[in-house]
Amino acid sequence: MTAAIEIKNLWVRYRGEEDYALRDVSLEIKEGEFVLLTGPSGCGKTTLCYTIVGIVPRVIKAEVKGSVSVFGLDSFKTSPAELSQYIGIVFQNPEMQLVTSSVYDEVAFPLENLGFPPEEIRRRIREVLDIVGLKGLEDRSPASLSGGQKQALAIASVLALRPKIIILDEPTSQLDPQGTRRITDLILKLKKDFKVSILAVEHKVEWAVNHIDRMIVMDNGMIKMQGRPAEIFSKKIDVERYGFRPPQVSEIAYKLLERGIILPSIPISLKDAYEIFRRVLEDGKSTCRSN
Ligand SMILES: Nc1ncnc2c1ncn2[C@@H]1O[C@H](COP(=O)(O)OP(=O)(O)OP(=O)(O)O)[C@@H](O)[C@H]1O
Ligand SMILES: [Mg+2]
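Residues numbered from 1 in each chain as written. Chains lettered and ligands numbered in written order. Predicted model: local features only at pLDDT ≥ 70, side-chain atom pairs only at ≥ 80, totals over all residues. Heavy atoms only, no water.

As for the overall build of the protein chain
In terms of helices and strands, the protein chain carries 11 helices and 10 strands. With respect to the principal axes defined by its C-alpha atoms, the protein chain has extents near 80 × 50 × 35 Å. Counting every position in the protein chain, which comprises 291 residues, the buried fraction comes to 49%. Nonlocal contacts in the protein chain, meaning residues at least 24 apart in sequence, comprise 62% of its contacts between residues at least 6 apart. Accessible area of the protein chain: about 14,600 Å², with a carbon and sulfur share of 51%. The positive charge centre, built from 40 side chains, and the negative charge centre, built from 39, are 3 Å apart in the protein chain. (Helix = DSSP H or I, 4+ residues; strand = E, 2+ residues; numbered from the N terminus. Buried < 20%, exposed > 50% of the residue type's maximum accessible area, 1.4 Å probe, protein only. Contact = heavy atoms within 4.5 Å. Areas by Shrake-Rupley, 256 points an atom, 1.4 Å probe, with all protein chains shown as cover. Lys, Arg positive; Asp, Glu negative; His and termini not counted. Charge placed at Lys NZ, Arg CZ, Asp CG, Glu CD.)

Rendered as structure tokens:
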């Protein structure tokens, strides 16, 4: 598989700061992969996202060492316009990227900047507003939208460029449970129907564990753990330190282990939990019968 993102020995230090925000980060994300990036506040997740798309050091000044490439293009040397056709980013606060006065213009703006013909622009706007569920709201001002709708609009304006990779920086952090559900369903649809690679920064991991290929856990500017969710949650996680909660079923399993109940593995989904707990209960019953 082609590397969608390849990062080698990346160090980043913001201008005027003593400490490095990223320390020797190396990482590869393959085409079509869905990767979840997590870790405590301030550990460098947003910095990593910004550096992948070249916002650091181009817009936010910093000393950078190492290399970042997106489909073989050097993120530090390639123009934002060229990169935007391969990779799009939805910011932690979507209001930062909503710059026009209508939903329609918001999606049209990047397409016009890249010189797409008007008919193609109209077609793509119709298509992406339908995908993200904002059809009919074309004339609304972005400022009047709900948090979840703003997030969906930011996703639409990125999606309209048909990038091969989308970075979503905490897409659900400002949303209520219903908004979170809509956005997570939308992200899963992007992966399933449009085959885009996704790098999502998230503290809430439960919705994604059955869909992600890999989880990356950062701490203090470094990658501390990475692997499939089943590997990551096979041991009890220090929630305070790493800033994310395991799935509830995994937490139940840790509690059972603490009480001396032996489990064949740690479940990460309800389906796993049903199978694992059923086996344990049935073994318990047979032990009772034999006694
Ligand atoms: N523009 C900046 N100038 C100087 N320091 C910065 C800048 N942006 C971030 N930092 C610092 O870099 C470190 C990493 O910040 P970053 O925003 O990447 O963390 P994060 O993991 O995204 O945190 P959060 O979960 O709170 O969003 C922090 O110590 C932060 O204070
Ligand atoms: Mg952040």
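Alright, that's what it looks like, and here's the rest.
Thoughts on the domain arrangement of the protein chain
By convention, interface size is frequently given as the accessible area that disappears when the constituent parts associate. If you check the domain split of the protein chain, you get domain 1 (3–236) and domain 2 (250–290). Here domain 1 and domain 2 have C-alpha centroids that lie 38 Å from each other. At the interface, 8 residues of domain 1 touch 6 residues of domain 2. Interface area for domain 1 against domain 2, summed over the two sides, is near 590 Å², with a carbon-plus-sulfur share of 61%. Residue Glu 258 is joined to Lys 236 by a salt bridge in which the shortest nitrogen-to-oxygen separation is 2.9 Å. On the surface where domain 1 and domain 2 come into contact, there are 3 residue pairs in polar contact (both at pLDDT 80 or more). Residues that form the side of domain 1 that touches domain 2 fall into these classes: 4 nonpolar, 2 polar and 2 charged. (Domains from an automatic or database assignment. Buried area = accessible area lost by both parts, 1.4 Å probe. Salt bridge = Lys/Arg side-chain N within 4 Å of Asp/Glu carboxyl O. Polar contact = N/O pair within 3.5 Å; in protein donor to acceptor, adjacent residues only side chain to side chain. Nonpolar A, V, L, I, M, F, W, Y, C, P; charged D, E, K, R; others polar.)

What to know about the pattern of salt bridges
Tallying each qualifying case throughout the model produces 20 salt bridges. The salt bridge partner of Arg 13 is Glu 63, with a shortest N-O separation of 2.6 Å. Of the two residues, Arg 13 is situated in strand 1 (residues 3–14) and Glu 63 in strand 4 (residues 62–70); the sequence distance between them amounts to 50 residues. Classification of Glu 63 as partly exposed rests on a relative accessible area of 31%. Residue Arg 162 is joined to Glu 127 by a salt bridge in which the shortest nitrogen-to-oxygen separation is 3.4 Å. Residue Arg 162 is located in the loop between helix 6 (147–159) and strand 7 (165–169), and its partner Glu 127 is located in helix 5 (residues 118–132); the two are separated by 35 residues in the primary sequence. The exposure class of Arg 162 is partly exposed, given its relative accessible area of 39%. Owing to a relative accessible area of 32%, Glu 127 belongs among the partly exposed residues under this scheme. Shared partners join several salt bridges into a network, and the residues in it are Glu 120, Arg 123 and Arg 124.

Quick word on the state of the cysteines
A full pass over the atoms with the stated rule returns 0 disulfides. In this model Cys 43 remains outside any disulfide bridge; the closest cysteine sulfur is found in Cys 49, 10 Å from its own. Its relative accessible area of 0% is what places Cys 49 among the buried residues. (Disulfide = S-S within 2.5 Å.)

A few points about the site of ligand 1
Ligand 1 sits among 15 residues. The nearest are Ser 41, Gly 42, Lys 45, Thr 46 and Thr 47. Here Thr 47 contributes a side-chain N or O atom positioned 2.5 Å from an oxygen atom of ligand 1. The contact in question runs from an oxygen atom of ligand 1 to an N or O atom on the side chain of Glu 170, over 3.3 Å. Relative to its unbound accessible surface of 640 Å², ligand 1 loses 63% to contact with the protein. The element that contributes the greatest number of residues to the shell around ligand 1 is helix 1 (residues 45–52), accounting for 3 residues. (Near = heavy atom within 4 Å.)

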